[in-house]
Amino acid sequence: MHGLKSLFDPAHWMRSTFSHGVHPEENKHYTANKPIRRLPFPPELVIPLSQHAGAPSEMVVHPGQEVLRGQLIAKAGGFVSVPQHAPATGVIKRVELMPTSKGPRTPSVILEVYPGDSQEVRYFEPRDVNAMSAKEIAQAVQDTGLVGLGGAAFPTHVKLSPPKEHKVHTVLINGCECEPFLTTDHRIMVEQAKDLVSGTQIFMRALGAEKAIIGTEENKLDAVEAIEKVLPADGSITVKAVQTKYPQGAEKMLAKALMDIEIPSGNFPSSVGLAVFNVSSTAQLGQLLPRSQGIIERVVTITGPGVDRPGNYIVPIGTPLRFILDQLGFSGTAQHLIMGGPMMGGTVASLDVPITKGCGGVLVLTEQDMRGIQPNSYPCISCAKCLEACPMHLNPSQLGKLAYKHRYEEMAESFHLNDCFECGCCSFVCPSNIPLVQYFRIAKSSNRQAPKKAS
């Protein structure tokens, strides 16, 4: 009866949102009510030196060297880069090319974990964040190795240094987690609300922002309740539930829904006075920065019909998928796995792929699920469903036709290809099963690699 009553609540129909988008099946019932638990440490960790946007990290340890949990093992390779820290106490065995979730092999540190060690964090030093300047906070955030944990893995400290002409007045904390199946952010908001608020206050201090809004979807009202209990009394931080719709978690969609602000094409949120951070990143910051500690683990949703014990698990960075699935019960192949969610995630080439900082979920499907996926695509029937779904108001149908003919430059110059953030709405609604998102990714990659035109 409670759910029925909510349908007649005027607030239910007045939730803020954006135009267009889609409503895929949520499938969050597997893990939404499962508390966060810790998985055992694997015998070996595989830590890629490039698991973030920007320059790879640079090794500061050598094979044969013993390291303690939390110790720096690779320094940042530049401003748009972050360091890596040892996720466990053990010994550096070697550095070699290893498979990644994105396909190409990348230089990775192989760390043999000491099985008898208590695995306490040995590298940390308490400090007073309130006594730090904005510049000191930005440097300290880089030192933690923190990146966007929602999937983009963009170094967090870079967002704390917007152009001088951009004054950030509001911090938006993104807890929408609109991707089906995934519940990492949901559980963090419910169980780590204090850390989330602490991290939000650090971001506000670093940017000089006057207020912050924590945004989530209306299917996570228990998270709203948990956060409201720990909000500061001065009203500087609020929490708001918006309409449940995909891709509500995209920063442009979130800004529109929460504040009715549109981020212009080709611009960052700071151009309109906003800074957007993921819930998981923010909660990690609230934990790590007061301890001067690096990020060495994260919460990952392991879910889907193909795993025996789905849940939300704390996993050391570098844990191979094979080990996780052995612990939780799985008898399929790598072809049944998606790193991330079904809308924006990707399949993996090997079960030896490790969990990285940007991986918030692993979707495990069954043979039956895979048989239900339509393998063939057909010519566009000009139904316009993709135009009605695209949250960026692009023309995916026309973009797809140009992509099929390899007219990639025209896609960018005349049809705003670069405004597409590959949410997958167009592919989701296409009755012809055209892999539009894959076409657009190829087009963007080709344009990036093309020689620059002389001005």
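Because the structure is predicted, anything quoted here is derived from the model rather than measured.

Engineer: I would appreciate a short explanation of the overall build of the protein chain in the present structure.
Structural biologist: Counting its regular elements, the protein chain contains 16 helices and 17 strands. Overall, the C-alpha framework of the protein chain stretches about 65 × 60 × 50 Å when taken along its three principal axes. Here the protein chain holds 455 residues, and 53% of them are scored as buried. Relative to all contacts within the protein chain whose residues are 6 or more apart in sequence, the contacts with residues 24 or more apart total 72%. Summing over all exposed atoms, the protein chain offers an accessible surface of approximately 20800 Å²; the carbon and sulfur share of this is 53%. One finds the centroid of the 43 positive side-chain charges in the protein chain at a distance of 2 Å from the centroid of its 42 negative side-chain charges.

Engineer: Mind showing me how you'd approach the packing of aromatic side chains here?
Structural biologist: The description of two aromatic rings rests on the distance between their centres and on the angle between their planes. For the structure on display, the rule yields two aromatic pairs. Judged by centre distance (5.9 Å) and plane angle (20°), the ring pair of Tyr-30 and Phe-181 falls under stacked. Of this pair, Tyr-30 sits in the loop between helix 2 (10-13) and strand 1 (36-38) while Phe-181 sits in the loop between strand 9 (170-175) and helix 5 (184-191), and the two are 151 residues apart along the sequence. Summarising the aromatic geometry, the rings of Phe-203 and Phe-277 are spaced 3.7 Å apart at their centres and angled 5° between planes, so their arrangement reads as stacked.

Engineer: What should I look at first to understand the sheet that holds strand 4 (residues 66-67) in this one?
Structural biologist: Adjacent strands of a sheet pair through backbone hydrogen bonds, lying either parallel or antiparallel. The four strands are arranged 2-8-7-4 in an open sheet whose pairing can be described as antiparallel. Where the open sheet ends on each side, the last strands, each with one partner, are strand 2 (44-48) and strand 4.

Engineer: Is there a simple way to explain a nonpolar patch on the surface in this structure?
Structural biologist: Taken together, the side chains of Phe-79, Val-80 and Phe-154 define a hydrophobic patch exposed on the protein surface, amounting to about 250 Å² of accessible area. One can find Phe-154 in the loop between helix 3 (134-144) and helix 4 (156-159).

Engineer: It is not clear to me how the pattern of salt bridges should be interpreted in this structure. Could you clarify?
Structural biologist: Once the charged atoms of two side chains with opposite charge are near each other, the side chains can pair. A complete count under the given rule lists 15 salt bridges for this structure. Residue Glu-96 pairs with Arg-94 through a salt bridge whose shortest N-O separation is 2.5 Å. The partner of Lys-444 in a salt bridge is Glu-422, with the nearest N and O atoms 3.2 Å apart. Here Lys-444, found in helix 16 (residues 436-449), pairs with Glu-422, found in the loop between helix 14 (408-415) and helix 15 (425-429); they are 22 residues apart in sequence, far enough to count as distant. Like Glu-422, Lys-444 is buried. Overlapping salt bridges bring together Arg-38, Arg-69 and Glu-297 as one network.

Engineer: Can you help me understand the confidence of the model for the protein chain in this one?
Structural biologist: Caution is warranted with low-pLDDT regions, since their predicted coordinates should not be read in detail. Of all residues in the protein chain, 94% attain a pLDDT of 70 or more, and the chain-wide mean is 91. The low-confidence segment residues 1-13 (pLDDT under 50) makes four contacts with residues lying over four places distant or belonging to another chain.

About the cut-offs
Residues numbered from 1 in each chain as written. Predicted model: local features only at pLDDT ≥ 70, side-chain atom pairs only at ≥ 80, totals over all residues. Heavy atoms only, no water. Helix = DSSP H or I, 4+ residues; strand = E, 2+ residues; numbered from the N terminus. Buried < 20%, exposed > 50% of the residue type's maximum accessible area, 1.4 Å probe, protein only. Contact = heavy atoms within 4.5 Å. Areas by Shrake-Rupley, 256 points an atom, 1.4 Å probe, with all protein chains shown as cover. Lys, Arg positive; Asp, Glu negative; His and termini not counted. Charge placed at Lys NZ, Arg CZ, Asp CG, Glu CD. Phe/Tyr/Trp six-rings, centres within 6.5 Å; stacked < 30°, edge-to-face > 60°. Pairing = 2+ DSSP bridges. Patch = residues over 30% accessible without salt bridge, like charges linked within 9 Å, V, L, I, M, F, W, Y side chains within 5 Å. Salt bridge = Lys/Arg side-chain N within 4 Å of Asp/Glu carboxyl O. pLDDT = per-residue confidence, 0-100.

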